[in-house]
Amino acid sequence: MIKLDIIAGARPNFIKIAPIIAAIQKNAVQKIQYRLIHTGQHYDKKMSGSFFEELRIPEPDINLGAGGGTQAEQTAAIMIGYERLLLDRPSDICLVVGDVTSTMACAIVAKKMHMRVVHVEGGIRSFDLTMPEEINRMVTDSISDYFYTTSEVANQNLKSYGIPDDRIQFVGNTMIDTLLENISKFVKPDIYQKKNLTPQNYLVLTLHRPANVDQETHLKILLEEIISNSENLPIIFPVHPRTAKSLKAVNLANQNIYTCEPLSYLEFNYLVKNAKAVITDSGGITEETTIMNIPCLTLRNTTERPETVSFGTNELIGTNPGNIGPALKKLFSGTWKRGSVPPLWDGKSAERIVDHLYSLYK
Ligand code: UDP
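Okay, so let's go over this structure. (Residues numbered from 1 in each chain as written. Predicted model: local features only at pLDDT ≥ 70, side-chain atom pairs only at ≥ 80, totals over all residues. Heavy atoms only, no water.)

**Things to note about the overall build of the protein chain**
On a plain count of helices and strands, the protein chain comes out with 16 helices and 13 strands. In terms of overall size, the protein chain behaves like a compact globule, its C-alpha atoms giving a radius of gyration of 20 Å where 362 residues would be expected to give roughly 21 Å. Seen through its C-alpha atoms, the protein chain measures out along the principal axes to roughly 60 × 40 × 35 Å. Across the 362 residues in the protein chain, those meeting the buried criterion constitute 57%. Intrachain contacts of the protein chain at a sequence separation of at least 6 include 68% that bridge at least 24 residues. For the protein chain, the exposed area adds up to about 15100 Å²; of that, 50% sits on carbon and sulfur atoms. (Helix = DSSP H or I, 4+ residues; strand = E, 2+ residues; numbered from the N terminus. Rg over C-alpha atoms; globule rule 2.2 N^0.38 Å. Buried < 20%, exposed > 50% of the residue type's maximum accessible area, 1.4 Å probe, protein only. Contact = heavy atoms within 4.5 Å. Areas by Shrake-Rupley, 256 points an atom, 1.4 Å probe, with all protein chains shown as cover.)

**Structural notes on the pairing of strand S10 (residues 257–260)**
Inspection of the sheet shows strand S9 (residues 235–238) paired to S10 by four bridges, in the parallel sense. The residue bridging Phe237 from the neighbouring strand is Thr259, located in S10. Each parallel crossover has a hand, and for S9 linked through helix H11 (residues 241–247) to S10 it is right-handed. (Pairing = 2+ DSSP bridges. Right-handed = clockwise from strand over helix to strand, strands pointing away.)

**Brief notes about the site of the ligand**
The environment of the ligand is formed by 19 residues, the closest being Arg209, Leu263, Ser282, Gly284 and Glu288. Residue Gly283 places a main-chain N or O atom 2.8 Å away from an oxygen atom belonging to the ligand. Mapping the ligand onto the cavity grids shows that it belongs to the largest pocket. Looking at the shell around the ligand residue by residue, the classes come out as ten nonpolar, six polar and three charged. (Near = heavy atom within 4 Å. Polar contact = N/O pair within 3.5 Å; in protein donor to acceptor, adjacent residues only side chain to side chain. 1 Å grid on protein atoms, 1.4 Å probe; cavity = no way out; pocket = protein on both sides within 12 Å on 5 of 7 lines; lining within 4 Å. Sits in = over half its atoms within 2 Å of the grid points. Nonpolar A, V, L, I, M, F, W, Y, C, P; charged D, E, K, R; others polar.)

**A look at the layout of surface pockets**
Roughly 1200 Å³ of internal volume is contained in the largest pocket. Considering the residues around the largest pocket, the lining is formed by 47 residues, among which Ala10, His42, Met47, His208 and His240 are closest to the centre. Contributions of two or more residues to the lining of the largest pocket are made by helix H1 (11–27), helix H2 (45–54), helix H3 (71–88), helix H5 (132–143), H11, helix H12 (265–273) and helix H13 (284–292). Across the lining of the largest pocket, the residue classes break down as 19 nonpolar, 16 polar and twelve charged. A volume near 410 Å³ is recorded for the second largest pocket. (Points joined across faces, edges and corners; volume = space filled by probe spheres on them.)

**A look at the sheet that holds S10**
An order of S10-S9-S8-S11-S12-S13 is seen for the six strands of this open sheet, with the pairing classed as parallel. Where the open sheet ends on each side, the last strands, each with one partner, are S10 and strand S13 (314–316). Adjacent strand axes in the sheet meet at a mean angle of 20° when their direction is disregarded. Sheet strands touched by H13: strand S8 (203–206), strand S11 (277–280), strand S12 (296–298) and S13. Its angle to S11, the strand with the most contacts, is close to 165°. (Axes fitted to C-alpha atoms, helices over the stretch in contact; angles between N-to-C directions.)

**Examining the packing of helix H10 (residues 216–228) against helix H15 (residues 324–332)**
Between H10 and H15, the shortest axis-to-axis distance is 9 Å and the interhelical angle comes to 30°. The angle between the axes of H10 and H15 places the two elements in the roughly parallel class. H15 is crossed by H10, and the crossing has right-handed handedness. Along its contact with H10, which presents Leu222, Glu225 and Ile226, the element H15 presents Ile324, Gly325 and Leu328. Of the residues contributing to the contact of H10 with H15, the split by class is four nonpolar, one polar and one charged. (Parallel < 35°, antiparallel > 145°, perpendicular 65-115°, else oblique. Left-handed = near helix turned anticlockwise from the far one by under 90°.)

**Digging into unusual backbone geometry**
Here the phi dihedral of Asn196 falls at roughly 50°; this positive angle occurs in a residue that is not glycine. By the secondary structure assignment, Asn196 is in the loop between helix H8 (190–194) and S8. Its relative accessible area of 66% is what places Asn196 among the exposed residues. Although it is not a glycine, Asn254 sits at a positive phi angle of roughly 60°. Topologically, Asn254 is positioned in the loop between H11 and S10.

**Topic: the pattern of salt bridges**
In total, this model carries 21 salt bridges according to the counting rule given. We note a salt bridge from Arg137 to Glu134, for which the minimum N-O separation is 2.5 Å. In this pair, Arg137 and Glu134 both sit in helix H5, three residues apart, roughly one turn of the helix. Of the two residues, Arg137 and Glu134, both sit in the buried class. With its nearest N and O atoms 2.6 Å apart, the salt bridge here joins Arg242 to Asp214. Linking Arg242 in helix H11 with Asp214 in the loop between helix H9 (210–213) and H10, this pair joins segments that are 28 residues apart in sequence. Residue class for Arg242 comes out partly exposed when judged on its relative accessible area of 32%. Look at the salt bridges and you will find they share partners, linking Lys16, Asp99, Glu121, Glu134, Arg137, Glu287, Arg300, Glu304 and Arg305 into a network. (Salt bridge = Lys/Arg side-chain N within 4 Å of Asp/Glu carboxyl O.)

Set out below in structure tokens:
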């Protein structure tokens, strides 16, 4: 029996681990004994609890309660909590997903305890070291034993760092496993009714990257550009906790933009699936819009997910507010590209991961 720790701490992690746990429960309960460790990085219902309920993720076996604080305080709290746990109750493999603080912190602790570290979504790079996530990716990948990758570009990145082929498993995208599993179960959110939304007649907006949201004046200019170029379509803006702070200083009253708290997964993707387009700086959302064939305007200068642009519906608009007008003009002219599905984004990625994990230890 393999002992596997599955680490999850922040919103996008929950969506990525759900199908991995389901695949273990379906095919490998006799072979893999897992425990789910919630680091506590995101801790409230809107950013954590609702995902466990909707995606039927089992209650975490352990919660390290390491929420809040600065990057360093959070990293330290997660490392201390996970090390204590491992000293008391050791494990064999540490599976980390994505690029959040919990990913990096637990990978370091596990590796120093001589465990194997496997990184789901390994190898992707924005090459922008002003993003905390890029540092998390680089550190995690530098000490991971196996990489479960989402794209050919990720494979090439890892190879260019000298990682041999047998440590790179191109499995596809577990976030898309979750999307395909749930696409028929999306739930109309209250705001849809309240604002009399109709299909293809509104925009969805999400922002949470420091470069866009940490400075009130920049955020205000971005929002003004979006509002004035949106041809009066309602803009639905579920606000990430990081963004809420700067948004307090921006007056959005009497405009065609409507804020709400972060939505649950099934509600949020109902909105996306029926939207005219999504404007975002998220990584995961560019993957979901690619699969749902919804135009996506990304307010970033780089992406670690270039396949969402080359195969998908995503365009990098950049962080310069002046680029928003021309991009929205292109959207409203009806000439936005249609997307195609990147290789292996087929809903079976988690099964491939679990098969490989087991093959390592047979
Ligand atoms: N999401 C959600 N509710 C929201 C906004 C996003 O459920 O109000 C989901 C979205 O469908 C995607 C994930 O959260 O699966 C993306 O997370 P986020 O944008 O926070 O992180 P990133 O992907 O940029 O790391």
